[in-house]
Amino acid sequence: MENNIKDKVIVITGASSGLGEATAKYLAAKGAIVVLGARRESKLKSIVAEISILGGTAIYELTDVTNKAEVKRLVDKAVSTYGRLDVMINNAGIMPIAPMSETRTDEWDSIIDINIKGVLYGIAAALPFFEKQQSGHFINMGSVAGVKVFSPGGTVYSGAKFAVRAISEGLRQEVGKSIRTTTIEPGSVDSELKLGTSHSESAKYVNEFYKQAIPAESVARAIAFAIEQPADVDINEIVVRPTMQD
Ligand code: NDP
């Protein structure tokens, strides 16, 4: 049966694991053409191979989202290969958490560079194509931590996710007449994200918190729901959390 996802050209950052990988596989299984960006080539290669074996269409481009030229190259590759861009999923992110009193300024820099500036670079790369086409869809990865501050230790991460939500809404207000904008706000989801915390007390807390995590495909289904709506329907925000989560 035809669906509103089939043949759409969809760029996904942070597609080498977790939510990005699950979303790439889920959308490809529904007939989307997926263009994957991340830094780990071996992971990207095997995901592309897996999608291809199952009859889907996928390519990848090595991309560090802190580098605006690389993000532009990823998006340009999608357009030059397939002649179009339908959806830009700004998903790449990290979550090293620690109390503010630790003043881990290098981690703060990385959170801001990847989780905020990475999203902005994705917007900058895709927006000119969307404006030219007079259509397109941004899906930005927020978090429940962007709705309610994630404490203890998640202050900077939450700040970044609040920023993603604000940027998505501002973008919608500016270009939303023809371009759709969705913020996805997951609770705890099983992925490699929890491994990024090196502060030992915070890591214990994260491990406990992630015992209730739901599979990454739960978020992929939410993303597919936003994409498959008819063009005149814009799903602006989806919160998807484990039923057990506070
Ligand atoms: P993972 O750690 O499994 O995936 C993170 C992805 O981001 C990887 O593909 C990684 O690829 C990529 N990435 C990290 N840094 C960069 C970079 N500098 N440039 C390009 N890609 C990068 O975690 P998740 O799948 O869970 O996280 C995906 C998104 O979902 C994040 O934005 C996260 O904040 C958000 N989220 C996750 C939740 C969860 O509970 N899992 C809950 C709420 C939101 P590589 O290392 O190969 O570059």
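Rules used in this analysis
- Along each chain, residues carry numbers from 1 onward, in the same order as the chain's sequence is written.
- Per-residue local features are limited, in this predicted model, to residues with pLDDT of at least 70; the limit for side-chain atom pairs, both in listing and counting, is 80 or more; totals at the level of whole chains, interfaces and linings are taken over all residues.
- UniProt positions are given in the numbering used here, feature names are shortened, and annotations may be inferred rather than shown by experiment.
- Residue burial is a threshold on neighbouring C-beta atoms within 10 Å of the residue's own C-beta, all placed from the backbone, with 20 or more meaning buried, 12 or fewer meaning exposed, and counts in between meaning partly exposed.
- Secondary structure elements follow DSSP: runs of H or I of four or more residues count as helices, runs of E of two or more count as strands, with numbering from the N terminus.
- The criterion for strand pairing is that DSSP finds at least two bridges linking the strands in question.
- The crossover handedness rule: strands pointing away from the viewer, path from first strand over the helix to second strand clockwise, crossover right-handed.
- Angles here are taken between N-to-C directions and fall from 0 to 180 degrees, while the axes themselves are lines fitted to C-alpha atoms, restricted in helices to the stretch in contact.
- Whether two residues are in contact is decided by their C-beta atoms, placed from the backbone, lying within 7 Å.

- Labelled according to an unreviewed UniProt entry, the chain appears under the name Oxidoreductase, originating from Flavihumibacter solisilvae.
- Per UniProt, the chain carries the Sequence similarities (unreviewed entry) text "Belongs to the short-chain dehydrogenases/reductases (SDR) family."

**Some details on the pairing of strand β4 (residues 87–90)**
- Judged by which residues are buried, β4 turns out to be covered on both faces: Val87 and Ile89 on one side and Met88 and Asn90 on the other are all buried.
- Alignment of β4 against strand β5 (residues 136–141), held across four bridges, turns out to be parallel. Note that in β5 the partner of Met88 across the bridge is Phe138.
- For the crossover that starts at β4, traverses helix α4 (residues 105–133) and ends in the parallel β5, the hand is right-handed.

**As for the sheet that holds β4**
- Read from one edge to the other, the open sheet built from seven strands follows the order β3-β2-β1-β4-β5-β6-β7, with strand pairing classed as parallel. Either end of the sheet is taken by a strand with one partner, and the two such strands are β3 (57–62) and β7 (237–240). This sheet shows a mean twist of 15° between the axes of neighbouring strands, independent of strand direction.
- Where β5 meets strand β6 (residues 179–186), six bridges bridge the pair, whose relative direction is parallel. Each residue of the ladder has a partner; that of Phe138, found in β6, is Thr181.
- Along the sheet face, helix α1 (residues 18–29) touches β1 (9–13), β2 (33–38), β3, β4 and β5 and points at about 165° away from the line of β1.
- α4 contacts β1, β4, β5 and β6 of the sheet and is inclined by roughly 170° relative to β5.

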